[in-house]
Amino acid sequence: MEIQWLKAFLAIAEQGSVSGAAEQLHLTQPAASKRLAALEQQLQAPLFDRIGRKLQLTDAGRALLPRARHILNEISDTEQELRALGDTVSGSLRIATSHHVGLHHLPPVLKEFSNRYPKVALDIDFVDSEQAYEALMAAKYELAVVTLALKDYPHLNAQVIWPDPCVVVAAPNHPLTRIPELELADLANYPAILPDLNTYTGRLIKREFDAQGLKLTSKLATNFLETIKMMACVGLGWSVLPQTLVDESLAVLPVRKLQVLRNLGVISHRGRTLSNAANALQRMLFDANP
């Protein structure tokens, strides 16, 4: 069984199409199809049902999927352990980051990393922080730089890089700006523009309201903080945003007994041997906020 066949199978399963897998693997579509066909021929079982343009895993495909991931992860870990015997920082490095971290915190670190280690092929995916945790558990990435979860994951290392205090904001002409001493109950009288309440940031805010038995009315939920900022600026509701995003287009609302501090940082799997490239990037992240 060829490793490249398994890589093609796994990419097709993740992408849901041969064309998407071919793009991910930097292959032509016929080449990806040929690798899948060779694997199916060796196993003497179809791995996908081809229904129109959609591919669905067969029973054989579903049985192979976790085994293929395990085999490829073992091979990758073996290669990285051997590479780690040397000091060369090269090869490929796949990481995940959230849009906010990727736009506002990572650029200077990535610029320095690319200049210092030009032989590393850096592959970056922008995903929600919650998705990054799940993907790290499945060994899809070596590192993720995201908003850290509110609980510990026993199989993951999580280290704070940037404390990220948040403040309550609204448009300068919002009715809440005319209340001299704001309480959490005052916010409950007006709609909010917030990240989805299932996100780590959303849970932090909801936890404060739940503790006081208050109803949180959130509308137009989106996980893009820049979009939330725009909607708050035009008066669609109050919000909670990182201090680093606040400018003259927003008024900060000092709410008594409300502190929202989230942490941004790096996560990795405890059972995975990190490549030299991943270790180098981690060191640079720690140096970014000594």
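No experiment lies behind these values; they were computed from the predicted model shown. (Residues numbered from 1 in each chain as written. Predicted model: local features only at pLDDT ≥ 70, side-chain atom pairs only at ≥ 80, totals over all residues. Heavy atoms only, no water.)

I keep staring at the nonpolar core and nothing clicks. Help me out?
Of all hydrophobic cores here, the largest spans 23 residues; its most connected members are Leu93, Phe113, Trp162, Leu281 and Leu285. Elements represented by at least two residues in this core include exactly strand 3 (91-97), helix 6 (107-116), strand 5 (143-147), strand 6 (156-170), strand 9 (260-269) and helix 11 (276-288). Element by element, the count of residues in this core is highest for helix 11, at six residues. In terms of nonpolar packing, the next biggest core, distinct from the first, is built from 19 residues, Leu176, Phe209, Val255 and Val260 among them. (Core = buried A, V, L, I, M, F, W, Y, C linked by side-chain atoms within 4.5 Å. Buried < 20%, exposed > 50% of the residue type's maximum accessible area, 1.4 Å probe, protein only. Helix = DSSP H or I, 4+ residues; strand = E, 2+ residues; numbered from the N terminus.)

Teacher, can you tell me more about the environment of Ala158 here?
Mapped onto the fold, Ala158 is located in strand 6. The sequence separation of Ala158 and His269 amounts to 111 residues, and the corresponding C-alpha distance is 9.0 Å. Aside from chain neighbours lying at most four places away, what touches Ala158 is Tyr133, Leu148, Val266 and Ile267. (Contact = heavy atoms within 4.5 Å.)

It is not clear to me how the side chain of Asp186 should be interpreted in this structure. Could you clarify?
On the secondary structure map, Asp186 appears in helix 8 (residues 184-187). Salt bridges are absent for the buried Asp186, whose nearest opposite-charge side chain, Arg256, sits at 8.1 Å. Within polar-contact distance, the side chain of Asp186 engages the backbone nitrogen of Glu183 at 2.8 Å. Other than its neighbours up to four places away in sequence, Asp186 contacts Leu176, Ile179 and Glu181. (Lys, Arg positive; Asp, Glu negative; His and termini not counted. Salt bridge = Lys/Arg side-chain N within 4 Å of Asp/Glu carboxyl O. Polar contact = N/O pair within 3.5 Å; in protein donor to acceptor, adjacent residues only side chain to side chain.)

Looking at this structure, how should I read the packing of aromatic side chains?
The description of an aromatic ring pair uses the distance of the two centres, along with the angle that the planes make with each other. Counted by the stated rule, this structure contains four aromatic pairs. Aromatic side chains Phe9 and Phe48 sit 5.6 Å apart centroid to centroid with 50° between the ring planes, which places their arrangement in the tilted category. With Phe9 in helix 1 (residues 3-15) and Phe48 in strand 1 (residues 48-51), this pair connects stretches of sequence that are 39 residues apart. Accessibility classification places Phe9 together with Phe48 in one group, the buried group. Ring geometry for Tyr133 against Tyr153: centres 4.8 Å apart, planes inclined by 40°, an arrangement best described as tilted. Linking Tyr133 in helix 7 (residues 129-137) with Tyr153 in the loop between strand 5 and strand 6, this pair joins segments that are 20 residues apart in sequence. Directly above the aromatic system of Tyr153 lies the positively charged group of Lys151, at a separation of 5.1 Å from the ring centroid. (Phe/Tyr/Trp six-rings, centres within 6.5 Å; stacked < 30°, edge-to-face > 60°. Lys NZ or Arg CZ within 6 Å of the ring centre and 35° of its normal.)

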